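What the coordinates show
Spelled out from the first residue to the last, the chains are:
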Amino acid sequence: MMRLRSFCAAGLLAALPLLPASVAFAQAPKTYSSSEILLGLKKLNVLGSALYMAAHPDDENTRLIAYLANGRLLETGYLSCTRGDGGQNLIGPELREQLGVIRTQELLAARRIDGGRQFFTRANDFGFSKTAEETFTIWDKEQVLSDMVWVIRQRRPDVLITRFPPDARAGHGHHTASAILAAEAFDAAGDPKRFPEQLKYVQVWQPKRLYWNTGSFFVKAGEDMSGYLKVDAGAYNPLLGQSYGEIAARSRSQHKSQGFGSAATRGEALEYLQYVKGDKAKTDPFEGIDMTWNRVPGGAAIGKMIDEVIRKYDAANPSASVAGLSAVLDAIANLPNSSFANGATVFPTLNTKPTPVISKAASQSAFWINEKGSEVLQLLHACSGTYVEAVASEPTVVAGEKARVSMEVTKRIANAQASTFKSVAQKPIDKSPLSTEKNQLELSVPAETSQPYWLKKAGTTGMYSIPTFSEDGSQANILVGQPENFPVLTVPYEIRTAASSYTIRIPVQYKSTDPVEGEKYRPLAVVPPVAVNIGGRAYVFAENQPKTVPVTLRAGKAGVKGTLALTLPKGWKAEPASIPFDLANKDAEQTVLFQVQPGVGAVEGKTELRAVATVDGQQYSRGYQAIEYNHIPTQTLFPEAVAPLVKLDLKRKGQEIAYLMGAGDEVPDALRQIGYNVTLLKPEDITDANLRRFDAVVLGIRAYNTIDKLKALQPTLLRYVENGGNMVVQYVVNRGTVMPQIGPYPLTLSSDRVTVENAAVTFLKPQQPLLNTPNKITAKDFEGWVQEQGLYYPSQWDAKYQPVISSHDPNESAKESAILVADYGKGHYIYTGLSLFRELPAGVPGAYRLLTNMVSLGK
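Residues numbered from 1 in each chain as written. Predicted model: local features only at pLDDT ≥ 70, side-chain atom pairs only at ≥ 80, totals over all residues. Heavy atoms only, no water.

As for the sheet that holds strand β10 (residues 270-278)
Taking strand neighbours across the sheet as the criterion, the 7 strands line up as β4-β3-β2-β5-β6-β10-β7 in an open arrangement whose pairing is mixed. Here the strands that pair on one side only, and so sit at the sheet edges, are β4 (117-120) and β7 (229-232). Ignoring which end each strand starts from, the neighbouring axes of this sheet average 30 degrees apart. Sheet topology places strand β2 (residues 49-54) next to strand β5 (residues 159-162); 4 bridges connect them, and they run parallel. Its bridge partner lying in β5, Y52 is registered against I161. Along the sheet, helix α3 (residues 96-114) contacts β3 (75-80) and β4; its crossing angle with β4, the most-contacted strand, is approximately 155 degrees. (Pairing = 2+ DSSP bridges. Helix = DSSP H or I, 4+ residues; strand = E, 2+ residues; numbered from the N terminus. Axes fitted to C-alpha atoms, helices over the stretch in contact; angles between N-to-C directions. Contact = heavy atoms within 4.5 Å.)

Structural notes on helix α10 (residues 364-384)
The end-to-end C-alpha distance of α10 is 30 Å, a good match for the 30 Å that 21 residues give at a rise of 1.5 Å each. When you tally the buried positions in α10, you get 21 out of 21 residues, the bulk of the element. Just downstream of α10, G385 is the residue with a positive phi angle, here 75 degrees. (Expected span 1.5 Å × (residues − 1). Buried < 20%, exposed > 50% of the residue type's maximum accessible area, 1.4 Å probe, protein only.)

Topic: the side chain of S243
Mapped onto the secondary structure, S243 falls in strand β9 (residues 242-243). When its relative accessible area of 4% is taken as the criterion, S243 is described as buried. Polar side-chain contacts of S243 include one of 3.1 Å to the backbone oxygen of T265. Residues in contact with S243, not counting those within four places in the same chain, are G234, A235, Y236, N237, T265 and R266. (Polar contact = N/O pair within 3.5 Å; in protein donor to acceptor, adjacent residues only side chain to side chain.)

Focus: the pattern of salt bridges
Summed over all chains, the structure comprises 41 salt bridges. A salt bridge links K130 to E812, with the nearest nitrogen and oxygen atoms 2.5 Å apart. Here the residue K130 occupies a position in the loop between β4 and α4 (132-138), and E812 occupies one in the loop between β42 (805-806) and β43 (819-824), the gap between them amounting to 682 residues. Given a relative accessible area of 29%, E812 falls into the partly exposed group. The partner of R295 in a salt bridge is D158, and the shortest N-O contact between them spans 2.8 Å. One end of the pair, R295, is in the loop between β10 and α8 (300-312); the other, D158, is in the loop between α5 (141-155) and β5, and 137 residues separate them in sequence. Residue R295 shares its accessibility class with D158, and that shared class is buried. Here the residues in one salt-bridge network are K43, E75, R117, R155, E371, K372 and E375, joined through shared partners. (Salt bridge = Lys/Arg side-chain N within 4 Å of Asp/Glu carboxyl O.)

Some thoughts on the environment of I632
Relative to the elements of secondary structure, I632 occurs in the loop between β31 (625-627) and β32 (635-637). Judged by relative accessible area, I632 falls into the buried class, the value being 6%. In this structure, the C-alpha to C-alpha distance between I632 and Q105, residues 527 residues apart in sequence, is 6.0 Å. For I632, the contacting residues outside a window of four places in its chain are I102, Q105 and E106.

A short note on the side chain of T135
One can find T135 in helix α4. The class for T135 is buried, based on a relative accessible area of 0%.

Focus on the pairing of β4
For a regular strand, side-chain orientation follows a simple rule: the groups alternate between the two sheet faces. The alternating pattern of β4 places R117 and F119 and Q118 and F120 on opposite faces, both of which are buried. Here β3 pairs with β4 via 4 bridges, running parallel. Bridging from a neighbouring strand, Y78 pairs with Q118 of β4. Assessed by its sense of winding, the connection that carries the chain from β3 through α3 to β4 is right-handed. (Right-handed = clockwise from strand over helix to strand, strands pointing away.)

Digging into unusual backbone geometry
Note the cis peptide between E575 and P576, where omega equals -10 degrees. In this fold, P576 is placed in the loop between β26 (572-575) and β27 (578-583). In this model, T773 is joined to P774 through a cis peptide bond whose omega is -5 degrees. Mapping P774 onto the fold places it in the loop between β39 (762-763) and β40 (790-797). Of note in the backbone geometry, D58 takes a positive phi value of approximately 95 degrees without being a glycine.

Some words on the nonpolar core
Counting 83 residues, the largest nonpolar core has L671, Y704, L710, I819 and L834 as the members making the most contacts within it. Look past the residues within four positions of L710 in its chain and what remains in contact with it is L660, L699, A703, Y704, L717, V738 and M739. Of all hydrophobic cores here, the second largest spans 49 residues; its members include I332, W368, V397 and Y502. (Core = buried A, V, L, I, M, F, W, Y, C linked by side-chain atoms within 4.5 Å.)

Focus: the packing of aromatic side chains
In total, this model carries 14 aromatic pairs according to the counting rule given. Judged by centre distance (5.6 Å) and plane angle (15 degrees), the rings of Y731 and Y792 are stacked. In this pair, Y731 is assigned in the loop between β37 (726-729) and β38 (747-754) and Y792 in strand β40, connecting sequence segments 61 residues apart. Each of the two residues, Y731 as well as Y792, counts as buried. Each ring, one from F763 and one from F782, has its centre 6.4 Å from the other, and the planes form 50 degrees; the classification is tilted. In this pair, F763 sits in strand β39 while F782 sits in the loop between β39 and β40, placing the two residues 19 residues apart along the sequence. Residue class for F782 comes out buried when judged on its relative accessible area of 3%. The side chain of R753 reaches across the aromatic face of Y792, ending 5.0 Å from its centre. (Phe/Tyr/Trp six-rings, centres within 6.5 Å; stacked < 30°, edge-to-face > 60°. Lys NZ or Arg CZ within 6 Å of the ring centre and 35° of its normal.)

Following this line, the structure appears as structure tokens:
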């Protein structure tokens, strides 16, 4: 029968871990075509697996993953060391942790297309690194290795494949580190002396072999590759109607925040695998590995049963396979030591990859019993044609309260030879050819908010803080390695076969209908009673005059009353000291204004303010942020309600600034903080007459990568400079520019950068006005920077450009093009690769002084 009860999956700790699949818990219920069901049936008889390993989102070879998952029908995973937090964002202003959340979801979107599963370690992408040695000074190498071993021991892959070589050819310290760690994990996973604390929950596992997926990026022209294994990953899959190159292009194109839209390829596509460790294969990376049901004691008969289901499969009537699949499922449940029996759990409506839960540390046979049993259960559900979903009445619910949920079960195939599906009322669903049952439920919500699990505790520059085990060591954190939180709530839906019963857990999510997009799903989010958002990234005080700090309160439920106050460092004051609030309705917002001012004891430099709401004696100091893009499910974050306070000696010239946004940044807000009037331009606003009224024109990051109209507008911008204007261009990526030259004189962009954020700076031309007016720039202005000093510096430039500063990373030559200034006509053109887009929101005082001097040049 179908029994309804809430299932809280928000808790971090469970005694019985198994890493689940790359399920995205906010998608329309998954439906299957007849050909997809047939592909799934064929996959049931393949008991082999591969794990691809690299450093970042986008590093994975989506074509090889698509081929392994859909061509070879292997359990295929991608383990990314990081979530890509340290990169740039082509589609919006989100950076750091917010960008990591976006890129996590982009990876999950990619895996839903190419058929792989997604895993992570606790490593934080701290930005570009030039060597593995530097990377390992910032990452906790043992923790990252432990996470890799944890995934390997749980997923038990036969073959490991790395994307990068373990040396400088990898081109990035994280890349190199990922290859070094993969080789160490290959050995450590099978060694009981390594990470023995894991063995209470998993068993050691030794993969058969390790390969490096090399290619044109790494091999020299004319290099002999005859010794490498070759795999043709370009074949056509008739059941999917696509080649693996076509699937891969759609998958890779999900990395939209990186601008990685890809063209499809068709025909032969050789992938080269270089042997690294383990048993060396002669012709095929999986040779010598038994990938049949013979891997499972007593499983040979099940393989024959599956063959029979495939032989009888009728694409026009998949429901005819329900009886055969039911028999297969019961047979799997009855295998020796099988834990796949009553209570087996999957999330079948969301992804082709089920999520089983096992009852003890998994042996190889138990692993495959649970994997294949869950797949059979999902196919059984797909063949029945039954539609099941659980929808919350609202997208958010307050921690510890009740959620109202509507559950729909619709039978859509007449005379399906189905197992018994039973209703909420514990009675069989109507056996008429078509029937729908809807029930209204109230389910208890867990007490924790839906903050992504890796962001709940403050981490370090290189690592997220995620407990591996409970304090007493009795429970393992089943979220380690997972791409995202488990669903807040699930509703169990029970299927009975002739011999047993099995549970499918349906995630509760929110559904709405957009007049343009149609049905849209998002995860149900648990929120605090009140969220506190500070308006603005940083507050800069060049004088002792008060500034208005807006704080927006958002009600998580109706009838929230309390007081709001600011916590300030010594020497600062706020008026009023506190403000009462009364939010009558759920999701109601109220913005209150504080006047903040430095006093006599306020020290120069960067400090911090915090907003704190008090409700019924409980303090709340986190905001509410919904990240919304069409290609990923809406993500809800609860950032700390803090903002930098910056007191600095700052003079400025000019008043009117025009800003043309590129990929997206928060520099305009920083300019407003220091007193400028900023006008955001659209391309059509760039005319000779319009530009005359501005003291400076600033182009946002990657403007010449993202605004195609700049090809036509460049003469207008240069005339503005020639007539006495001041133009500041922030970093431009050296590939994919909309025009070959971005300045008045030739310069060659490159990928050169200075990754050490506090690298010592030399002033090449101490008398250059940019270093002296209106503010005297000193070495102190380059202290306290975050993540990096600069990126995409030109490698060559015309003599008419003046380099202003020089710095370099350890053991490298000086980089002198962080700031290039050219006089052009009566005005000035400045190109800067300094990472102002990171430093300004972080409240770095020197970044404000440098930017002020740039926009003030010549005034």
